[in-house]
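What follows is each chain in one-letter form.
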Amino acid sequence: MNKYMNNNTGEMAKYEAVIGLETHVELSTNTKMFCGCALSFGAEPNTRTCPVCLGLPGTLPVINSKAVQFAIKTALALNCSINKSSIFHRKNYFYADMPKNYQISQYNRPLASNGFLDVDMGSYVRRVGITRVHMEEDTGKLIHTGSSGRISESDASIVDYNRAGTPLIEIVTEPDIRTPAEAKEYLIALRNIILYLDVSDCSMEQGSLRCDANISLKPAGAKSMGTKTEIKNLNSFRFIQRGLEYEYKRQAGLLEEGKKVLQQTRHYDHLTDTTSALRLKEEAHDYRYFPDPDLVPLIMDKDAVQDIKREIPELPGEKIKRYLEVFGLPDETARLIASDKDTAQYFDRCANILGPGKLKAAANWITGDFAAYLNKESLKIKQSGISAESLCSLIEMIEGGRISSKIAKSVFEEMAQSKKEPQDIIMEHNLEQVSDEGELSKIIDEVIAANDEVVQQVKDGKDKAIGFLIGQVMAKTKGKANPALVNGIMSKKLKK
Amino acid sequence: MKIISLEQASHVAKLAELELSSDELDKITSQLDDILGHVAKINEADTEGVRPTSHTLDTNNVLREDTVKDSLSQEDALKNAPQQSGGGFLVPKID
Amino acid sequence: MQLNFLTAHKLKKMLEKREVCASDIAASIQESCEKLQPKINAYINFDKSILQKQAEEIECYIAAGGKLHDFTAIPVAVKDNICTHGIKTTCASKILADYVPVYDATVIKKLQEHKYVLAGKANMDEFAMGSSNENSAFGPVKNPLDLQMVPGGSSGGPAAAVCAGMAICALGSDTGGSIRQPASLCGIVGLKPTYGLVSRYGLISFASSLDQVGPITRDVTDSANLLSAISGWDQCDSTSINTGKVSYKDFLVDDIKGLNIGVPKQLMAEGVDSQVADSVNNALEMAQHLGANIEQISLPSLEYALSVFYVIAPSEASSNLSKFDGVRYGYRNMQASTLHQMYRQTRAQGFGPEVKRRIMIGTYCLSSGYYDAYYEKAQRVRTLIINDFKKAFEKYDVLISPTSPTTAFKIGEKTGDPLSMYLSDICTIPVNLAGLPAISIPCGLSSENLPIGLQIIAGTLREDLIFKTAYSLEKAIGFNKFPLHLYE
Ligand SMILES: [Zn+2]
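Presented here is an overview of the structure given in this document. Values in this document were obtained by computation on a predicted structure and should not be read as measured data.

Calculation criteria
- Residues numbered from 1 in each chain as written.
- Chains lettered and ligands numbered in written order.
- Predicted model: local features only at pLDDT ≥ 70, side-chain atom pairs only at ≥ 80, totals over all residues.
- Heavy atoms only, no water.
- Pairing = 2+ DSSP bridges.
- Helix = DSSP H or I, 4+ residues; strand = E, 2+ residues; numbered from the N terminus.
- Contact = heavy atoms within 4.5 Å.
- Buried area = accessible area lost by both parts, 1.4 Å probe.
- Salt bridge = Lys/Arg side-chain N within 4 Å of Asp/Glu carboxyl O.
- Polar contact = N/O pair within 3.5 Å; in protein donor to acceptor, adjacent residues only side chain to side chain.
- Nonpolar A, V, L, I, M, F, W, Y, C, P; charged D, E, K, R; others polar.
- 1 Å grid on protein atoms, 1.4 Å probe; cavity = no way out; pocket = protein on both sides within 12 Å on 5 of 7 lines; lining within 4 Å.
- Points joined across faces, edges and corners; volume = space filled by probe spheres on them.
- Buried < 20%, exposed > 50% of the residue type's maximum accessible area, 1.4 Å probe, protein only.
- Donors = N, O, S within 2.8 Å, 3.2 Å for Na, K, Ca; no water.
- Tetrahedral: all angles 85-135°; square planar, octahedral: opposite > 155°, others 65-115°.

Here we look at the sheet that holds strand β15 (residues 274–277) of chain A
Residue and element names in this part refer to chain A. Pairing in this open sheet of nine strands is mixed, and the strands run β3-β7-β8-β11-β1-β12-β13-β14-β15 from one edge to the other. Two strands in the sheet have a free side with no partner beyond their single neighbour: β3 (81–82) and β15. Of the strand pairs in this sheet, strand β8 (residues 125–137) and strand β11 (residues 167–173) are connected by seven bridges, and their pairing is antiparallel. Looking at β11, one finds that E136 is bridged to L168.

Re the interface of chain C and chain B
Counting residues at the interface gives 66 residues for chain C and 52 residues for chain B. In this assembly, chain C packs against chain B so that about 5300 Å² is buried in total across both faces, 65% of it on carbon and sulfur atoms. At the surface where chain C touches chain B, the tally comes to three salt bridges. For the salt bridge of K356(C) with E24(B), the shortest nitrogen-to-oxygen distance reads 3.1 Å.

Structural notes on the interface of chain C and chain A
Facing 38 residues of chain C, the contacting portion of chain A comprises 31 residues. Between chain C and chain A lies a buried interface of about 2800 Å² when both sides are counted; carbon and sulfur atoms form 58% of it. A per-residue breakdown of the area chain C buries against chain A is headed by S238(C), K323(C) and R328(C), which together make up 20% of the total. Applying the counting criterion to the chain C and chain A interface returns one salt bridge. Here R200(C) makes a salt bridge to D294(A), at a shortest N to O gap of 3.1 Å. Linking chain C to chain A there are 17 residue pairs in polar contact (both at pLDDT 80 or more). For the side of chain C that touches chain A, a count of residues per class yields 17 nonpolar, 14 polar and seven charged.

Regarding the layout of surface pockets
Reported here for the second largest pocket is a volume of approximately 1300 Å³. As for the second largest pocket, its lining consists of 50 residues, of which P52(B), T53(B), S54(B), H55(B) and L57(B) are closest to the centre. By residue number, the principal contributor to the lining of the second largest pocket is helix α12 (residues 372–395) of chain C, which donates nine residues.

Digging into the pattern of salt bridges
Residues and elements named next belong to chain A. Applying the stated criterion to the full structure yields 50 salt bridges over all chains. Between D369 and K409 there is a salt bridge, and its shortest N-O distance comes to 3.4 Å. Placement of the pair is D369 in helix α9 (residues 369–377) and K409 in helix α11 (residues 405–418), with a sequence separation of 40 residues. Since its relative accessible area comes to 32%, D369 is described here as partly exposed. K409 sits in the partly exposed class, given a relative accessible area of 42%. Overlapping salt bridges bring together E26, D138, R163 and R210 as one network.

Notes on the coordination of the zinc ion
Geometrically, a metal with four donors at the corners of a regular tetrahedron has ideal angles of 109.5 degrees, and one with six donors at the corners of a regular octahedron has ideal angles of 90 or 180 degrees. Residues and elements named next belong to chain A. Coordination of the zinc ion by the protein comes from C35 (SG), C37 (SG), C50 (SG) and C53 (SG), over a distance range of 2.3 to 2.4 Å. Angles of 101 to 117° at the metal separate the four donor atoms of the zinc ion, which places the site in the tetrahedral class. Sequence spacing of the donors to the zinc ion: C-x1-C-x12-C-x2-C. Of this pair, C35 sits in the loop between β1 (15–26) and β2 (63–64) while C50 sits in the loop between β1 and β2, and the two are 15 residues apart along the sequence. We note that C35, like C50, is buried.

A closer look at the side chain of D104(C)
All names here are of chain C. For D104, the position within the fold is in the loop between β2 (75–79) and α4 (106–113). Polar contacts involving the side chain of D104 include one to the main-chain amide nitrogen of H85, which spans 2.7 Å. Within polar-contact distance, the side chain of D104 engages the side chain of Q112 at 3.2 Å.

Quick notes on the pairing of strand β7 (residues 112–120) of chain A
Residue and element names in this part refer to chain A. Where β3 meets β7, two bridges bridge the pair, whose relative direction is antiparallel. Of the residues in β7, the one forming a bridge with S81 is S113. Bridge count for β7 against β8 is eight bridges, and the pairing is antiparallel. Directly across from G115, in β8, lies its bridge partner I130. With antiparallel pairing between neighbouring strands as the criterion, β7 and β8 make up a hairpin whose turn holds four residues, including G122 at a positive phi of roughly 85°.

Taken by themselves, the reported measurements are silent on function.
Here it is as structure tokens:
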């Protein structure tokens, strides 16, 4: 971290960063925004196109109702107000990945505006204002010929329009973000919410979640805004933080030298971990936005919005709150579970089966041995093959004293391997804990009889020696004896 | 008074991706000037408090179900392509 | 009378009685096309083998007991901006000279359900921009009634084809008068339906908020029947209206007693040729005799209509025509070494002068700093025009005006002066801006024997009043003019 960085650890920062993010999310509808083509990833080029999304002459767009629902759902989850009337505009510019040389997007009458997202930074919460959430269509993809695959070095490119027309939502924040770390946490929180809503797979590698940032610096405490730069290609959580850190450093360096920051669009290169200015186009952008005359307005009445609101599941923030306040889970455990939708759903199912007395055991399993196993095998909880019901019966057996926690670990391992029910595993290997006092008493008597010396030590007051005797009982029962019970009976017998 | 200058017309031609020779540009600029001069008549209309009309329909919320329809074959998609390569539309060096 | 000069409804009766067969009709059209195409140039793409093949298929269909629809076996000329699957659709532009659509326009699908015959793809002004059909990359169309004269535009080809007996009827498109004005100049019937009544899917857009497909026919009855055939809600067009199935021929009633007719003085103003005004006034007198009430009215905002149109239409067009860039289809300049150079050269060479002019106007009107003063201002004035019409239709059933201020003018007469050409559409443009239905029917001949057209305008979706009025006046006027001299 360089000397200018405001890292919120008490170090005096000379410059304060003002950061805003624009995030594009590809919605996981069945079909594209304005036509019936299936969405595709990895399909053969130009096999998911039709006259509409190829922009063939004479074709017209028709809005996908599911895309609108998904967009509204997202906007509501980000605390936005849904605008009663919104319209689509055309954004006009020529580029080869644009089938019509205009993009259907929303402009001055977007679907939703004025929301916020609270970003938990551990020691403080940053409330990031959401300026707007709007819908638009994605572009096609360019494949640059030549060995490097770089645009600047190829003589020609090939266009694949499979992605063209994929429904996108764009989420624009206010310039409320103050550090690169906050930007990263904002994006993590945003992604998590969208995953909870199940409206996008949010894969940054596959480009279904893409982020651009703008950043300017101002002297700490100053009111006036500095000149901002826009940074493109921040397509991982790491890159967004690294890119903004680099840009902070660069701008601060310029200001220190008394130079001006130029208003630019810059590209982040993760290989060199630097940003560089994109070549300025001869013509400044003039998108000539105007209402798309091929489409009619969207009018959202309160009832329709309410219906969609009802479909919104409990979101991560609310979940954490419930885990802390109602379930009494430790803070870290609560956050860990809520940070993954499937894990949280799994846990909620366990909590439901087990009830308040035992749900903490489930939380411990899920964040402990279970998580370690998934991590080792690189699996998602859904892929584990262990149902919440199975895990719960395992927990019930431990809590009910039927098996020891030590045996439980090996039972769990076998569950993971064989996908068998814990009940069956225990039966098969005869692992049930021996809690029969008569049976245990008999074994204890045998151990006492066979260890005169140790027994004498215990009777002489060497309390520790009792551990050896209990160990002998456990060995004889192959670990199945209920240790607490053995301890009790043993003590009683030796005190006689 | 001229409404549109040669420089403006040249800028507009660039936005519209039209290559015009200087003769063409001269001619089209003066024609544009005539037409825009005529069109300026709309400024005489009092539109205080009048909403703009994008189209004459009073319909809204025209939506379709999210149901997959057949796409074109790659062959049909590329049928009219001036140049193609590897299943894609071939374009010259991107500038 | 030759078969090719009959109406579709007359031919249907003959088909029913087995007095003719599909091949007879096709042969008659083919013969006239072979004879007249070199003189008139009504078609861009006319293929006699396809005509015969279609006719044979329909004979089989009829022989197998297939139902005779209104347009079964009827050769229809289709304006070349309406997409036909597997058949070249050029928009009369070099940029689409070899373009073969991979889908059919909705109106074509509807006519296919009728087992119609595609007579050919008709000539037009490039991208429907023009009023004389001189802006075609495939040469101008001549007016069949006087080969020195223009047929009007932009649907000059469809109108000339119907007029000359090279098709029984035709589909045109109308953005500012492109169906009605050529119908008027060729002495036939042209209808622009209410915006949204006919699907635009497959019509290559000029100005999306103004474009409508409509019938060009020999009489009002065919117009009503053809509208019934092509209208209706289309899920592929978000701007299409769902009216349910309407049979427009039910409105063909010869009775206009008590009908209130308004005559907007702005559409009878200076610039309207006196012969045209006289002829329209004659027809109005006839209407009065038939019991209609005629009153002159004023729609003050109509004086802005032409200006509003020449902002809105080019603005929408500049965006609609962006897709013609040489990447996915159409002409491409192969010499260009970079993408943007290719765009600029392709479009410079692919588009004709009028199209470029309108792209330039539209791009300017939408560009940063001018949008509010031009595009948005025009949209506000458009609201005033709509309101004026609404007010008029509170009192009047229909409005009547000339269709075109003049009869057909000489080829080349207005090509040097775009503004004077734009004035040809002064009476028709307000109707598109308000999305209303209007028809042009012939109402007389000038001293030069050129036809004069009369326009009947009604309120939104009041095609019933249009057909009732047009049908009654058609009977009263008894216009009857065929270019039979061409066959001598
Ligand atoms: Zn598609």
